[in-house]
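Close look at the chain arrangement
Each chain, letter by letter, is given below.
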Amino acid sequence: MNHPGLQSAMAHCGLIAILRGITPAEAEPVGQALYEAGFRLIEVPLNSPDPLDSIRAMRAALPTDCLIGAGTVLNPDDCARIQQAGGELIVMPHSDAAVIRAAKQLGMASCPGVATPTEAFAALAAGADVLKMFPAEQLGPAVLKAWRAVMRPPIALVPVGGITPGNLSSYAQAGASGFGLGSALYKPGLSADAVGQNARAFLAAWQGAYPAQETQA
């Protein structure tokens, strides 16, 4: 993990908010609710309405210690547009070395999706900062534990897909470095207050699973 902003944000709290479907009008209040709950990593998937406008809105509204980026990034050329909007984090559902390299050449943090050790080590060789284990429902804590035998820290393994406050601890015990949180945290149409309530439930689960790591809003 060579990106200092990502390293600092992950050290504060390794929970990544995935705001698939958010609109620019919702971005600032939802982003504020997440930040106040303790989140420092926010991702707007590119298949959301006007995602770059949402990234711009949150970047303008939130302190600089909150890393904002884009998810579902499939094209290397999108990295520059995301950066121009204020994004610093590139999250992918797959592992494409061209996208990883494009992000790193721009000084951005790269989080590719991987589902096998071969993909994981290839992504690291291409310059990935964090490995997104996706889909986590398919891989599960047992696979994560097996990966950890050969991918020791500081390699960051972040399960994404189906993570809830109830199952987070089982992945934590298997060696997860953080988590990407989707529909259990945010769904289109949820109010900022409701997202904040969900965020606080995840923060409580995080603090319970990682008691040595103090997370403060």
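Structure shown above.
In this convention, every chain numbers its residues from 1, walking through the sequence in written order. Only residues with pLDDT of at least 70 are given local features in this predicted model, and only at 80 or more are side-chain atom pairs given and counted; all residues enter the totals for whole chains, interfaces and linings. Side-chain calculation: all heavy atoms of the structure are included, whereas hydrogens and water are not.

Now for the nonpolar core. Where a protein is soluble and globular, its nonpolar side chains tend to be buried together. Among buried residues, those of type Ala, Val, Leu, Ile, Met, Phe, Trp, Tyr and Cys that are joined through side-chain atoms within 4.5 Å constitute a nonpolar core. For the exposure calls, accessible area comes from a 1.4 Å probe over protein chains only, and a residue counts as buried if that area is under 20% of its type's maximum, exposed if over 50%, partly exposed in between. Counting residues in hydrophobic clusters, the biggest one holds 60 residues, and the most contacted among them are Leu15, Leu19, Leu34, Phe39, Ile90 and Phe179. A total of 6 residues in this core trace back to one element, the largest contributor, which is helix H9 (residues 192-209). If we skip the residues at most four places from it in the chain, Leu19 touches Val30, Leu34, Ile42, Glu43, Pro45, Ser48, Met58 and Tyr186. If you look at the next biggest cluster of nonpolar residues, it comprises 15 residues, including Ile16, Cys111, Val130 and Val158. Helix numbering and strand numbering both begin at the N terminus, where a helix is a DSSP run of H or I of at least 4 residues and a strand a DSSP run of E of at least 2. We call two residues in contact whenever any of their non-hydrogen atoms come within 4.5 Å of each other.

Here the focus is the sheet that holds strand E5 (residues 109-111). Strand order across the open sheet formed by 6 strands is E5-E4-E3-E2-E1-E9, with parallel pairing between neighbours. In this open sheet, the two strands that pair with only one neighbour each are E5 and strand E9 (179-181). Averaged over all pairs of adjacent strands, the angle between strand axes in this sheet comes to 25°, irrespective of strand direction. With 5 bridges joining them, strand E2 (residues 41-45) and strand E3 (residues 67-71) adopt parallel strand pairing. Paired with Leu41 across the two strands is Leu67, which belongs to E3. Running over the sheet, helix H1 (residues 4-12) touches E2, E3 and E5 and is turned about 115° from E2. Across the sheet, helix H3 (residues 51-61) lies against E2 and E3, angled at about 160° from E2, the strand it touches most. Two strands are counted as paired when DSSP detects at least two bridges linking them. Axes here mean lines fitted to C-alpha atoms, for a helix over just the part in contact, with angles spanning 0 to 180 degrees between N-to-C directions.

Okay, unusual backbone geometry next. With an omega dihedral of -5°, the bond running from Phe134 to Pro135 counts as a cis peptide bond. Its location among the elements puts Pro135 in the loop between strand E7 (131-133) and helix H7 (136-148). At the junction of Pro153 and Pro154, the peptide bond is cis and its omega measures out at 15° in the coordinates. Mapped onto the fold, Pro154 is located in the loop between H7 and strand E8 (157-159). The backbone of Asp50 sits at a positive phi, close to 45°, despite the residue not being glycine. As for its placement among the helices and strands, Asp50 is situated in the loop between E2 and H3.

This brings us to the pattern of salt bridges. Any Lys or Arg side-chain nitrogen located within 4 Å of an Asp or Glu carboxyl oxygen qualifies as a salt bridge. If you walk through the whole model with that rule in mind, you get 5 salt bridges. Put simply, Asp65 and Arg40 hold a salt bridge, and the shortest N to O gap is 3.3 Å. With Asp65 in the loop between H3 and E3 and Arg40 in the loop between helix H2 (24-37) and E2, the pair connects residues that are 25 residues apart, well separated along the chain. Given the relative accessible area of 3%, Arg40 is considered buried.

A few words now on the side chain of Arg59. Position of Arg59 among the secondary structure elements: in helix H3. Of note is the side chain of Arg59, whose polar atom sits 3.3 Å from the side chain of Glu88. Excluding its chain neighbours within four sequence positions, the residues that come into contact with Arg59 are Thr64, Cys66, Ile68, Ala85, Gly86 and Glu88. A 3.5 Å cut-off defines polar contacts: any pair of N or O atoms within that distance qualifies, except that in protein one atom must be a possible hydrogen donor and the other a possible acceptor, and neighbouring residues in sequence count only when both atoms are side-chain atoms.

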